[in-house]
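Structural overview
Each chain is listed here by its residues.
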Amino acid sequence: MSAARKHTALPKAQILIEALPWLTRHNGRIVVIKFGGNAMIDDELKAAFAQDVVFLRHAGLKPVVVHGGGPQISAQLDKQGLVSEFKAGLRVTTPEAMDVVRMVLAGHVQRELVGLLNEHGPLAVGMTGEDANTITATQHRPVIDGEAVDIGRVGEITAIDTGAVQALLDDGRIPVVSSIARSAEDNHVYNVNADTAAAALAAALGAETLMVLTDVEGLYEDWPNSDDVISRLTATELEKLLPGLSSGMVPKMQGCLHAVRNGVETARVIDGRVQHAILLEIFTDEGIGTMVVPDAAPATRHGAEGES
């Protein structure tokens, strides 16, 4: 091999070697990824996301993808002449709107993602929270001005059954889960917040990591006065910050808090606008985004003792 060719190949080898401690650490572990934001809309980002998830699978991890589809749902409701009303930051979901939600999530968003993943092999299997009672919910009634308000088919998770997801993982598949649930009380189908669903599933599966894709760089230290991102914080530190967060970040960070308080080792909010953000976060020393760890976790960037 010529000296020039050796020289060009060397940086690639160094990148692979940098990933080695993380490959060893994460091997055989479950990682739950909440797919959302621009990564769901931009074709290049969608393709990169699918490549990352397949890479995780071939690198020995067990990825599970959970998704919602707010923009796609809004577009389809508009197309059908159904007005979107919001109360307490949540979409009022009539039975007619719920039919659209179900169709968009399970029939469009999920199908597209499963197709992208399966371009790389027979890996992905789509399902919703209804399947095998994976997610059970009750009607969520937010309190506005001291009164519980009926906002229709919006669900609050009451139980998770991991049997079907675990069976797929054991078979080497990549489960792709739409955030829809059925109620054991009235047998209605409910729309569940995908951040909340991903966190609940991560905790129930005993996942090592929850990753939430967003359209920001992470959790900002002092937004809007500064764009410095908090790279790592503990559950208690996050809990103190929650009341001051923007409404869009609240369910994501509440999900992270729930996950690390219920057995998940790390929860990460990462910028889904960056191609291959998942690989950068899991397999590089610096990582990107914000990582939440349990209160007793070691004080290193990736929560791994003895590693930098």
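The sections below set out a description of the structure shown in this document.

With that out of the way, let us pick up the sheet that holds strand β13 (residues 209–214). Taking strand neighbours across the sheet as the criterion, the eight strands line up as β5-β10-β2-β1-β13-β15-β16-β14 in an open arrangement whose pairing is mixed. Either end of the sheet is taken by a strand with one partner, and the two such strands are β5 (124–128) and β14 (232–234). Mean inter-strand twist for the sheet, computed between neighbouring axes without regard to direction, equals 20°. Summarising the sheet, strand β1 (residues 30–35) and β13 pair through four bridges and their orientation is parallel. From the neighbouring strand, Lys 34 faces β13, where its bridge partner is Val 212. Packed onto the sheet, helix α5 (residues 163–170) meets β1, β2 (62–67), β5 and β10 (174–178) and runs at close to 140° relative to β2.

Summarising burial for strand β6 (residues 135–139): four of the five residues are buried, a large majority. Here five bridges tie β6 to strand β9 (residues 155–160), and the two strands are oriented antiparallel to one another. Its bridge partner lying in β9, Thr 138 is registered against Glu 156.

Together, Glu 217, Glu 221, Asp 227 and Asp 228 make up a negatively charged patch on the protein surface. Turning to its location among the elements, Asp 228 is positioned in the loop between β13 and β14. On the basis of relative accessible area, Asp 228 is assigned to the partly exposed category, the value being 47%.

Each regular strand carries side chains that alternate between the two faces of the sheet. Of all six residues in β13, six are buried; the element is thus mostly enclosed. The two faces of β13 match: Thr 209, Met 211 and Leu 213 on one face and Leu 210, Val 212 and Thr 214 on the other face are all buried. Sheet analysis places β13 next to strand β15 (residues 266–271), joined by six bridges and oriented parallel. Considered in β15, the bridge of Leu 213 is made with Ile 270.

Here the focus is the pattern of salt bridges. Per the counting criterion, the structure on display carries 16 salt bridges. The residue Arg 182 makes a salt bridge to Glu 130 at a minimum N-O spacing of 3.1 Å. One end of the pair, Arg 182, is in strand β11 (residues 180–182); the other, Glu 130, is in the loop between β5 and β6, with 52 residues separating them in the sequence. Among the residues examined, Arg 182 registers a relative accessible area of 25% and is labelled partly exposed. Ionic pairing is found between Asp 295 and Arg 261, a salt bridge with its closest N-O pair at 3.9 Å. Taken together, the residues span a long stretch of sequence, with Asp 295 in the segment after β16 (290–293) and Arg 261 in the loop between α8 (250–260) and β15 at a distance of 34 residues. Take Arg 261: its relative accessible area is 40%, and that puts it in the partly exposed class.

Calculation notes
Residues numbered from 1 in each chain as written. Predicted model: local features only at pLDDT ≥ 70, side-chain atom pairs only at ≥ 80, totals over all residues. Heavy atoms only, no water. Pairing = 2+ DSSP bridges. Helix = DSSP H or I, 4+ residues; strand = E, 2+ residues; numbered from the N terminus. Axes fitted to C-alpha atoms, helices over the stretch in contact; angles between N-to-C directions. Contact = heavy atoms within 4.5 Å. Buried < 20%, exposed > 50% of the residue type's maximum accessible area, 1.4 Å probe, protein only. Patch = residues over 30% accessible without salt bridge, like charges linked within 9 Å, V, L, I, M, F, W, Y side chains within 5 Å. Areas by Shrake-Rupley, 256 points an atom, 1.4 Å probe, with all protein chains shown as cover. Salt bridge = Lys/Arg side-chain N within 4 Å of Asp/Glu carboxyl O. Lys, Arg positive; Asp, Glu negative; His and termini not counted. Charge placed at Lys NZ, Arg CZ, Asp CG, Glu CD.

Function-wise, these values are silent; they only describe arrangement.
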